Amino acid sequence: AQSVTQPDIHITVSEGASLELRCNYSYGATPYLFWYVQSPGQGLQLLLKYFSGDTLVQGIKGFEAEFKRSQSSFNLRKPSVHWSDAAEYFCAVGVDSWGKLQFGAGTQVVVTP
Amino acid sequence: NAGVTQTPKFQVLKTGQSMTLQCAQDMNHEYMSWYRQDPGMGLRLIHYSVGAGITDQGEVPNGYNVSRSTTEDFPLRLLSAAPSQTSVYFCASTPGMGNYGYTFGSGTRLTVV
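**Q** Can you help me understand the pattern of salt bridges in this one?
**A** Note that side chains of opposite charge can pair when their charged atoms are close. Residues and elements named next belong to chain A. Tallying each qualifying case throughout the model produces 6 salt bridges over all chains. Across the pair R77 and E66 runs a salt bridge whose closest N-O atoms are separated by 3.3 Å. Linking R77 in strand β9 (residues 73–78) with E66 in strand β8 (residues 64–68), this pair joins segments that are 11 residues apart in sequence. We classify R77 as partly exposed; its relative accessible area is 23%.

**Q** For this particular structure, what's the right way to read the interface of chain A and chain B?
**A** Size of an interface: often given as the accessible area lost when the parts come together. On the chain B side, the residues contacting the 25 residues of chain A number 20 residues. Interface of chain A and chain B: buried area, both sides summed, is about 1,800 Å²; carbon and sulfur atoms make up 62% of it. Put simply, chain A and chain B have 0 salt bridges between them. The interface formed by chain A and chain B contains 3 residue pairs in polar contact (both at pLDDT 80 or more). Counting residues per element, the ones that place at least two in the side of chain A that touches chain B are β5 (32–38), β6 (44–50), β10 (87–94) and β11 (101–103) of chain A. Its residues assigned to classes, the side of chain A that touches chain B comprises 13 nonpolar, 8 polar and 4 charged.

**Q** Explain the pairing of β10 of chain A to me, please; I cannot follow it from the model alone.
**A** Put simply, side chains in a regular strand alternate between the two faces of the sheet. All names here are of chain A. Most of β10 is tucked away: 8 of the 8 residues are buried. The two faces of β10 match: A87, Y89, C91 and V93 on one face and E88, F90, A92 and G94 on the other face are all buried. In terms of strand pairing, β5 meets β10 through 7 bridges, oriented antiparallel. Opposite W35, over in β10, you have C91 as the bridge partner. Pairing geometry for β10 and strand β12 (residues 107–112), over 3 bridges, is antiparallel. In the strand pairing of β12, A87 is matched with V109. Pairing of β10 with β11, which is carried by 3 bridges, proceeds in the antiparallel orientation. Note on β11: the bridge partner recorded for G94 is L101.

**Q** I keep staring at the sheet that holds strand β1 (residues 4–7) of chain B and nothing clicks. Help me out?
**A** Residues and elements named next belong to chain B. Reading across from one edge, β1-β3-β8-β7 is the order of the 4 strands in this open sheet, with antiparallel pairing throughout. Taken across any chain shown, the strands that pair with only one partner, and hence form the sheet edges, are β1 and β7 (64–66). Across the sheet, the axes of successive neighbouring strands diverge by a mean angle of 20°, strand direction being ignored. Sheet topology places β7 next to strand β8 (residues 76–78); 3 bridges connect them, and they run antiparallel. The partner of N65 across the bridge, within β8, is R77.

**Q** Sorry if this is basic, but what is going on with the state of the cysteines here?
**A** Each disulfide is one covalent bond, formed between the sulfur atoms of two cysteines. Inspection of the entire model under this criterion finds 2 disulfides over all chains. Sulfur-sulfur distance for the disulfide between C23 of chain A and C91 of chain A comes to 2.0 Å. Its S-S torsion of about -65° marks the bond between C23 of chain A and C91 of chain A as left-handed, since a negative value means left-handed. Taken as a pair, C23 of chain A in the loop between β3 (19–21) and β4 (24–26) and C91 of chain A in strand β10 lie far apart in primary sequence, 68 residues in all. Residue class for C91 of chain A comes out buried when judged on its relative accessible area of 0%. Between the sulfur atoms of C23 of chain B and its disulfide partner C91 of chain B the distance amounts to 1.9 Å. Looking down the S-S bond of the C23 of chain B and C91 of chain B bridge, the torsion is -70°, so its handedness is left-handed. Of this pair, C23 of chain B sits in strand β3 (residues 19–25) while C91 of chain B sits in strand β9 (residues 87–94), placing them 68 residues apart in sequence.

Conventions and cut-offs
- Residue indices follow the written sequence of each chain, beginning from 1 at its first position.
- Just so you know, chain letters begin at A and ligand numbers begin at 1, following the order they were written in.
- It should be noted that, the model being predicted, local features are given only for residues of pLDDT at least 70 and side-chain atom pairs only at 80 or more, the latter also being counted only at that level, while totals for whole chains, interfaces and linings use all residues.
- No hydrogens and no water enter the side-chain calculation; it runs on all heavy atoms of the structure.
- Whenever Lys or Arg places a side-chain nitrogen within 4 Å of a carboxyl oxygen from Asp or Glu, that contact is recorded as a salt bridge.
- Secondary structure elements are taken from DSSP: a helix is a run of H or I of four residues or more, a strand is a run of E of two residues or more, and numbering for both begins at the N terminus.
- The buried label applies to any residue whose accessible area, calculated with a 1.4 Å probe on protein chains only, is under 20% of its type's maximum; exposed applies above 50%, and partly exposed to all values in between.
- The criterion used for residue contact is that any of the two residues' heavy atoms lie within 4.5 Å.
- Accessible surface is computed with a 1.4 Å probe, and the buried area is the amount of it that two parts give up when combined, taken over both parts together.
- A 3.5 Å cut-off defines polar contacts: any pair of N or O atoms within that distance qualifies, except that in protein one atom must be a possible hydrogen donor and the other a possible acceptor, and neighbouring residues in sequence count only when both atoms are side-chain atoms.
- Residue polarity is assigned by list, with Asp, Glu, Lys and Arg as charged and Ala, Val, Leu, Ile, Met, Phe, Trp, Tyr, Cys and Pro as nonpolar; anything else, Gly included, falls into the polar class.
- Each pair of strands is called paired provided DSSP finds at least two bridges between the two strands.
- Axis lines are fitted to C-alpha atoms, over the contacting stretch for helices. Their N-to-C directions set the angle, which ranges from 0 to 180 degrees.
- When two cysteine sulfur atoms are found within 2.5 Å, that pair is recorded as a disulfide.

What follows is the structure, encoded as structure tokens:
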């Protein structure tokens, strides 16, 4: 069955430290891959996306993600987090030509001083 | 440019009542979707549309109806609300499937008592 897994439900990181959020997917072909961020009480904002080409993609707010086909992973990284990065992060996969997205369960990021 | 607009932002319904969640976008996007967000489950697709007059079911369609008479609007109807439909609902749109990503509305928080 098709699936998107975010293994970490909750991550706490110190301000200025690096952050890595994991995402694994299970699909037959290389899908479209996305990372979204949701601040409290807000909708989802697209951070970055991968379709093809260079496996390291840059996004907004200093985030980047790396697609690894052999590991079916699309992990999100940021070298130095800011307090404003505290939010919930969702990995999503576009699974067909009709525009359907399948989301992971999300990772809640807490940033401590 | 307003993007994706959802109304209302908050709603409390009694079991058995009906209501329509409104969604409008001004970006001339062909693809529109409705998701519900529940704690620990990420976002799950309810219904989607790939253009005016074309809709289809997503992962959790039971209890919800949609129609798409114009490119701009994609309302979600609850015919007989149940407590299990208590959730946060998001509408999203995209120009088409591919390397675009979805633009999300700010959500409707629905409570069914």
